[in-house]
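One letter stands for each residue in the lines below.
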Amino acid sequence: MNTEAMQIDVIRTLPEWHALQSEWNALLDRSITCVPFLRHEYLSAWWQHLGGCREWPQGELHAITGRVDGRLVAAAPLFLSEDREGRPVVALIGSDAISDYLDILAEPAFLPPFADLLLDRLSGDVGPEWKAMHLYNLREDSPTVVELRRAAASRGMHFYLTALSACCRVPLPHTWNAYLAEQLEKKARHELRRKLARLEKVPGVRWYFVENSAVAPRDVADLLRIMAENDDKRDALTPGFSAQLADIVRAAARGGWLRLGFLEIEKQRAAVCLAFDLGNCLWIYNHGMSKQFGHLSPGQVLLAYVMQWAIRAGRTTVDFLRGDQSYKLSLGAVRRNIMLATIARYDSTLMGNHLPMKDILPDDDVLAAGLDVAAIESRTGIDVHSSADCEIVTCRLHDSTIKTIFCKYGPLAEVEGPTHRFGAAYEAHVYGGLLGPWAGQVPQLHGVFLDETTGLLVLALEHLSEATSVHRLTNPKAALIAAARWIARFQVAGETAEIPSFLHRYDTEFYRLWAQRAAQYTLPLHDRYPWLPELCEVGQRRLPAILTPATIIHGEYQANNILHVEGRNVPVDWESAALAAGEIDLASLTWGWDDDLRIAIEREYSLARWPDGIPSEFPLRLAAARLYLQLRWLGDEEGEVNIDESSIDWDELEAVAKRFEALDR
């Protein structure tokens with residue numbers, strides 16, 4: 001399409017903004033992305049409070065619209081503000097913690113020209129002052145990513161794409177019985193049925209949605225009250241956010257897309273579910289339960305009732321939005337990513353320290369020389385849950401062919417302090433001095449060099465562009481079985497291999513450290529879980545004796561560190577490799593899967609590692625490895641401030657403790 005056919009306007013005043021409501025919502029229904037957080041009512045409620053006033057203390061409206069023959073065909077809900085370092089930035093209205101999904105609105109055919117005109121308008125002589133544009137909370141499949149990357153590159157701007165967090169959605173079958181049979185693992189199905197049956201025996205139980213026209217101040221007050229009883233939500237309920245949430249609820253009710261559900265026990269509201277009903281999808285925005293009824297799990301039961309309703313009402317999806325908490329996965333949710341697209345004007349160092357690309361990275365010429373390539377074509381920043389900054393670098397080789405390389409950046413010195421992740425420099429040693437015999441089964445090492453200007457070590461590895469992590473496979477069983485066999489073979493080889501001098505050893509002090517930190521960080525919870533301090537003490541006393549080093553391990557051999565590409569597995573992220581008990585890798589691989597799958601993985605690992613017979617001490621060592629991983633989770637980096645009672649599966653932790661105690665007699 002000829003860009004001259006599109007008229008671009010900037011909306012700077014509230015009267016202009018409010019006048020757009022009907023056109024805006026009509027465009028949303030036709031847009032590349034249709035989510036409740038882009039409804040005009042929602043964005044208006046957010047704008048009134050600027051993210052509860054904690055995210056953005058100030059802002060200037062700068063929405064940009066595109067019209068063809070007078071019809072609204074595209075819109076970018078933008079505002080101007082300052083980042084945490086005081087630099088001028090452009091961001092999406094709704095950014096970033098409150099609104100789970102955001103995007104540009106556009107009819108599909110008009111997105112490419114609008115992306116061009118948007119950047120031209122923002123960077124032209126009449127455009128505002130800004131150093132970077134932050135488009136938070138794009139869904140990973142958003143077409144906006146492709147078009148803005150193209151438009152930015154053609155204008156000499158730097159484009160970075162970062163995975164912010166996981167999100168979860170459940171595709172719904174046509175019946176509740178089909179959902180139970182097809183979407184849930186055996187253990188999860190049993191637990192859900194048990195909780196439903198237990199609560200249904202309690203007299204005076206009912207659940208319902210409040211009709212939109214009947215939503216009253218009491219309903220909003222009960223929503224906030226019940227949420228405040230949940231430890232993971234209480235701190236977020238500042239006066240600013242509480243007022244904003246109340247406005248959003250009222251706006252959604254007026255628009256007719258609110259689903260506010262309550263579960264009552266003997267006429268007392270025991271649980272609440274705040275959802276949005278839009279586009280044949282039910283979006284679960286928030287939920288909580290009253291602690292008074294916690295032993296009956298009313299929050300999970302209400303979610304089950306809401307999902308039953310969604311199936312009966314013909315909805316195709318329940319979207320649990322941001323976060324991949326265990327309760328979502330147990331309800332059959334599939335993980336996806338939420339992305340941050342950042343466009344920086346002319347200088348990649350203007351990104352800001354609050355972004356994953358926080359270091360001053362090597363410039364293109366230095367990177368090209370270090371990688372021994374002719375030129376750097378593009379660089380895309382990503383977040384792969386690593387302790388190092390990472391990029392996908394597209395290079396033009398000396399023979400003019402194009403190649404993508406995965407680059408990790410980190411200091412030359414190893415990471416210091418309590419850690420089990422030893423950094424990019426250590427991982428470079430692992431690739432260069434340990435994994436050579438496993439060529440073709442691990443990422444190929446392209447090269448390692450030190451940028452003396454920035455002081456950063458660059459670890460350049462093969463980029464597996466078509467790979468999917470095993471934990472995101474629809475049916476991961478075969479890949480997990482293959483992963484168990486592979487790590488067993490790796491460990492068998494490690495038992496007789498020459499141990500490199502740089503390789504870390506998990507010794508007595510290492511295990512005691514994690515148990516001590518776990519005890520320290522969970523101190524406020526010891527009264528509620530009186531068995532916890534004893535468990536930490538047992539960990540300090542017994543784990544070093546049981547988990548004596550026996551072989552070379554990966555160290556973090558969980559499903560999200562194993563890529564699946566063209567029918568094979570490729571273990572990545574080797575910065576925790578060490579001389580240690582092999583059972584730690586097995587415990588990592590089986591973490592979070594149901595009992596049947598876990599048993600199958602253990603069986604295949606055991607047969608591959610000990611074909612002549614399983615050692616008698618194996619069950620105890622595996623139980624100890626699982627206990628170590630639990631304690632390490634509790635005592636990991638920043639655990640002191642991040643420990644969150646709701647983020648821990650306490651039933652699983654207690655089961656691990658009892659299993660270990662039973663075997664360690």
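From a predicted model like this one, the values you see are computed outputs, not experimental measurements. (Residues numbered from 1 in each chain as written. Predicted model: local features only at pLDDT ≥ 70, side-chain atom pairs only at ≥ 80, totals over all residues. Heavy atoms only, no water.)

Draft legend 1. Examining the nonpolar core more closely. One finds Tyr42, Trp46, Leu78, Leu274, Phe276, Tyr285 and Ile343 to be the most contacted residues of the largest nonpolar core, which totals 97 residues. Judged by nonpolar contacts, the second largest core, of 81 residues, contains Ala479, Trp486, Ile487 and Tyr529. (Core = buried A, V, L, I, M, F, W, Y, C linked by side-chain atoms within 4.5 Å. Buried < 20%, exposed > 50% of the residue type's maximum accessible area, 1.4 Å probe, protein only.)

Draft legend 2. Summary view of the pattern of salt bridges. Within the structure shown, the criterion is met by 37 salt bridges. For arginine 315, the salt bridge goes to aspartate 277, with nearest N and O atoms at 2.8 Å. Placement of arginine 315 in the loop between helix H11 (298-312) and strand S14 (317-322) and of aspartate 277 in strand S12 (residues 268-278) is noted, with a sequence separation of 38 residues between them. Taken individually, arginine 315 and aspartate 277 each receive the classification buried, so the pair is uniform in this respect. Here the residues in one salt-bridge network are Arg218, Asp219, Asp222, Arg225, Glu229 and Arg269, joined through shared partners. (Salt bridge = Lys/Arg side-chain N within 4 Å of Asp/Glu carboxyl O. Helix = DSSP H or I, 4+ residues; strand = E, 2+ residues; numbered from the N terminus.)

Draft legend 3. Expanded view of the sheet that holds strand S7 (residues 105-106). Taken in spatial order, the 4 strands make up an open sheet running S1-S3-S4-S7, and their pairing is antiparallel. Edge strands, defined here as strands with exactly one partner in the open sheet, are strand S1 (7-11) and S7. Relative to strand S3 (residues 63-68), S1 runs antiparallel, the two being bridged by 5 bridges. Bridge assignment links glutamine 7 to a residue of S3, and that residue is arginine 67. Contacts from helix H2 (residues 21-30) reach S3, strand S4 (71-76) and S7, with the element oriented near 80° to S4. Relative to the sheet, helix H4 (residues 111-123) contacts S1, S3, S4 and S7, its axis offset from that of S3 by approximately 135°. (Pairing = 2+ DSSP bridges. Contact = heavy atoms within 4.5 Å. Axes fitted to C-alpha atoms, helices over the stretch in contact; angles between N-to-C directions.)

Draft legend 4. Representation of the side chain of serine 81 in the model. Note on placement: serine 81 falls in strand S5 (residues 78-82). A distance of 2.8 Å separates a polar atom in the side chain of serine 81 from the backbone oxygen of glutamine 58. Look past the residues within four positions of serine 81 in its chain and what remains in contact with it is Trp56, Gln58, Gly59, Arg87, Pro88 and Val89. (Polar contact = N/O pair within 3.5 Å; in protein donor to acceptor, adjacent residues only side chain to side chain.)

Draft legend 5. Examining the confidence of the model for the chain more closely. When pLDDT is averaged along the chain, the result is 88, and 93% of the positions lie at 70 or above. Taken as a whole, residues 346-359 scores under 50 in pLDDT and shows 41 contacts with residues more than four places along the chain or in a different chain. The model gives residues 638-642 a pLDDT under 50, and that stretch makes 4 contacts with residues more than four places away or in other chains. (pLDDT = per-residue confidence, 0-100.)

Draft legend 6. Seen up close, the pairing of strand S19 (residues 445-451). Sheet topology note: the S19/strand S20 (residues 456-462) ladder contains 6 bridges and is antiparallel. Within S20, the residue paired with valine 448 across the bridge is leucine 459. The antiparallel hairpin formed by S19 and S20 contains 4 residues in its connecting segment, where glycine 455 sits at a positive phi of about 75°.

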